[in-house]
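Per-entry structural report
Now for the letters of each chain:
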Amino acid sequence: MKKLIIPITAFLLMISCNIDANNDNKEETITKTLTNTRNKTLYLVKMNPTSKFVSANNSGYVNLGTNYSIDNENYMPQNDADFTDTHFALTLYPKQISSVFKKTRSPDYMQYDIGDIKKFWIMKNEPLTIQNIEWEEISAILRTKSKFCNIWVPDEYWSNSTRPTSNSVSASIVAELAEKFDSIYPRVTNIFGYANDEGFPINILIFDIYSDYMQGTTFGYFTPKDYGEYDEIYHSNECCMFYLDAFLTRRYTPMSYSTLAHEFQHMINYYNKTILNNKISETWFTEMLSMLCEDMLQTFLGINDEDSPIGRLPYFNYGYYRNGVTEWQSSQYSYACTYAFGAYLVRNFGGIKLLNEIGKNKETNKESITLALKALNYNETFDSVFLKFTEALIYEDSNMLTFNKNSTEKLNGYEYTFKAFNIWEIENGSIGFYMGIKGPYCFLTNQSYPIRPYCFTIHTQESWQNIETNTLTVSITKPKNCDIKYQLLLK
């Protein structure tokens, strides 16, 4: 049975505020009567479509007699123990971006044979600054080679046994990785482009990232410094490569297939956006693209939801208000919020064609998304689709803006699927905090919380659930900050 939902999504409250500096403390109230409300649920969404932080006291509220300001403006979420890239690695740019990719061939273009030995510089510790990195040069052996990749593993992390030790990978695991990479390579380059100017094989080094054995949370990473020439600061490996953690690859092998796609997109993004076009991708942007790269291959690779970016959404439901779409705090909330926004975009504004436009155009960040929307003839910008984002968080009907719709399409002979999921059927809680609640967290309507840049808060109350009357009157105190936009969403 298909449930009919009658929304008021077009009702975006462009509430004006008093910009007279002498009247900053003056509160103004508006009243709105909604109709056709019986048996429906009402949500108020406060949206901040700017790069500025808005305090709780300036975000407005619904008049219920007592109002609560949860004003924790300095709140920064703690890092959670889960699998990540290493984001400092993404900032290790060579000194001269525009000329970093030299015309002279680096070892990246050499032909290798299985059994060859190659030296690599690795970071022994998780870096906070370039100054505190402890570099080490290690030797690795080429364990397998395929059409599109060379996989290198040091002896310390290699096992020929069918039951490898916990911090090593076997020949069968490495062979499977090479096979998977060869299958995803043409599908990824079809959408995003290439990671070098010749299309030579990508080098993948498997070792114990940050020497943390079983305690690690960094599944893999790419660092732009490897495109540059070696110096005593950056220790470039002078080749197109990325890194995988030995223990996590062995322990969560299916997830490593998705990680291959994730890190490969980072390489392509850097080569195309930065080296070729001299633009810098902000972390949220390249991470969004890498997670959408995983997303578009989930069905093809047979990855379950828990091992895909969809598995990050309990963090989103639990703490979407802790991380704006365009900021990066290196927490699981950063991953979850950025992925949720990207998942909404591709499922509602052009599918794989939109991702293709974003990946291959010459812009980065918000500008790249706006340019891609225009290329597909959407009368939208980054800001306008952001203001519609929360509709996808509320509605479940596939005829509306929602996550709950499939997008399957072929592009240049390759088929890509963005699978439907219902955000209200996904747990609300990070690891260790799940309490049996599902769907995005909702504040009470008389609660106010600080709204981060390009972020929002969702509000409801008991009397707005399964409304018993045909009309409902809402009294709202306007936000003091003129940038805050209000939506009333009825379903």
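All of the points below concern the structure found in this document.

Definitions and cut-offs
- Residues numbered from 1 in each chain as written.
- Predicted model: local features only at pLDDT ≥ 70, side-chain atom pairs only at ≥ 80, totals over all residues.
- Heavy atoms only, no water.
- Helix = DSSP H or I, 4+ residues; strand = E, 2+ residues; numbered from the N terminus.
- Buried < 20%, exposed > 50% of the residue type's maximum accessible area, 1.4 Å probe, protein only.
- Contact = heavy atoms within 4.5 Å.
- Areas by Shrake-Rupley, 256 points an atom, 1.4 Å probe, with all protein chains shown as cover.
- Salt bridge = Lys/Arg side-chain N within 4 Å of Asp/Glu carboxyl O.
- Pairing = 2+ DSSP bridges.
- Axes fitted to C-alpha atoms, helices over the stretch in contact; angles between N-to-C directions.
- Polar contact = N/O pair within 3.5 Å; in protein donor to acceptor, adjacent residues only side chain to side chain.
- Bend = angle between axes of the 7 residues up to and from the residue.
- Phe/Tyr/Trp six-rings, centres within 6.5 Å; stacked < 30°, edge-to-face > 60°.
- Lys NZ or Arg CZ within 6 Å of the ring centre and 35° of its normal.

Assigned secondary structure in the protein consists of ten helices and 20 strands. Evaluated residue by residue, the protein yields a buried proportion of 61% over its 491 residues. Partitioning the contacts of the protein with sequence separation of at least 6, the portion at a separation of at least 24 is 74%. Here the protein has roughly 20300 Å² of accessible surface; of this, 47% comes from carbon and sulfur atoms.

The next subject is the pattern of salt bridges. Tallying each qualifying case throughout the model produces twelve salt bridges. Among the salt bridges present, the one from Arg 347 reaches Asp 295, with a minimum N-O distance of 2.9 Å. Residue Arg 347 is located in helix α7 (residues 332–348), and its partner Asp 295 is located in helix α5 (residues 283–301); the two are separated by 52 residues in the primary sequence. The class of Arg 347 is buried, set by a relative accessible area of 4%.

A word on the sheet that holds strand β13 (residues 241–245). Strand order across the open sheet formed by six strands is β6-β7-β8-β11-β13-β12, with mixed pairing between neighbours. Of all strands in the sheet, those with a lone pairing partner are β6 (117–123) and β12 (220–221), marking the two edges. Sheet strands touched by helix α2 (residues 171–192): β7 (135–145), β8 (149–153), β11 (202–207) and β13. Its angle to β8, the strand with the most contacts, is close to 150°. Its contacts with the sheet put helix α4 (residues 253–275) on β11, β12 and β13, and the angle it makes with β13 is roughly 150°.

Ordered by their spatial adjacency, three strands build an open sheet running β2-β19-β4, and the pairing between neighbours is antiparallel. Since the sheet does not close on itself, it has two edges, and those belong to β2 (29–35) and β4 (61–62), each with one partner. As paired elements, β4 and strand β19 (residues 471–477) share two bridges and run antiparallel to each other. Of the residues in β19, the one forming a bridge with Val 62 is Ile 476.

Within the secondary structure, Thr 417 is located in strand β15 (residues 414–418). Given the relative accessible area of 12%, Thr 417 is considered buried. In terms of polar contacts, Thr 417 uses its side chain to reach the side chain of Thr 408, at 3.0 Å. If near-sequence neighbours (up to four positions away) are discounted, Thr 417 is found in contact with Asp 295, Met 296, Thr 299, Asn 406, Ser 407 and Thr 408.

Along its length, helix α10 (residues 382–394) shows its largest kink, about 30°, at Lys 388. A large share of α10 lies buried, amounting to ten of its 13 residues. Where α10 is concerned, the buried positions are Phe 382, Val 385, Phe 386, Leu 387, Phe 389, Thr 390, Glu 391, Ala 392, Leu 393 and Ile 394.

What follows covers helix α8 (residues 351–360). For α8, the buried fraction is high: seven of the ten residues fall into the buried class. Those residues of α8 not exposed but buried are Gly 351, Ile 352, Leu 354, Leu 355, Asn 356, Ile 358 and Gly 359.

Counted under the stated rule, the structure contains 42 aromatic pairs. Taken together, a centroid distance of 5.9 Å and an interplanar angle of 40° make the contact between Tyr 43 and Trp 424 tilted. Pair noted here: Tyr 43 is in strand β3 (residues 42–48) and Trp 424 is in the loop between β15 and β16 (443–444), with a separation of 381 residues, a long-range link. Classification of Tyr 43 by relative accessible area gives buried; the value is 6%. Ring geometry for Tyr 227 versus Tyr 271: centroids 6.2 Å apart, planes at 20°, classification stacked. Pair noted here: Tyr 227 is in the loop between β12 and β13 and Tyr 271 is in helix α4, with a separation of 44 residues, a long-range link. One cation-aromatic arrangement involves Lys 118 over Phe 120; the distance from NZ or CZ to the ring centre is 5.3 Å. The ring of Tyr 335 is capped by Arg 312, whose NZ or CZ atom sits 4.1 Å from the centre of that ring.

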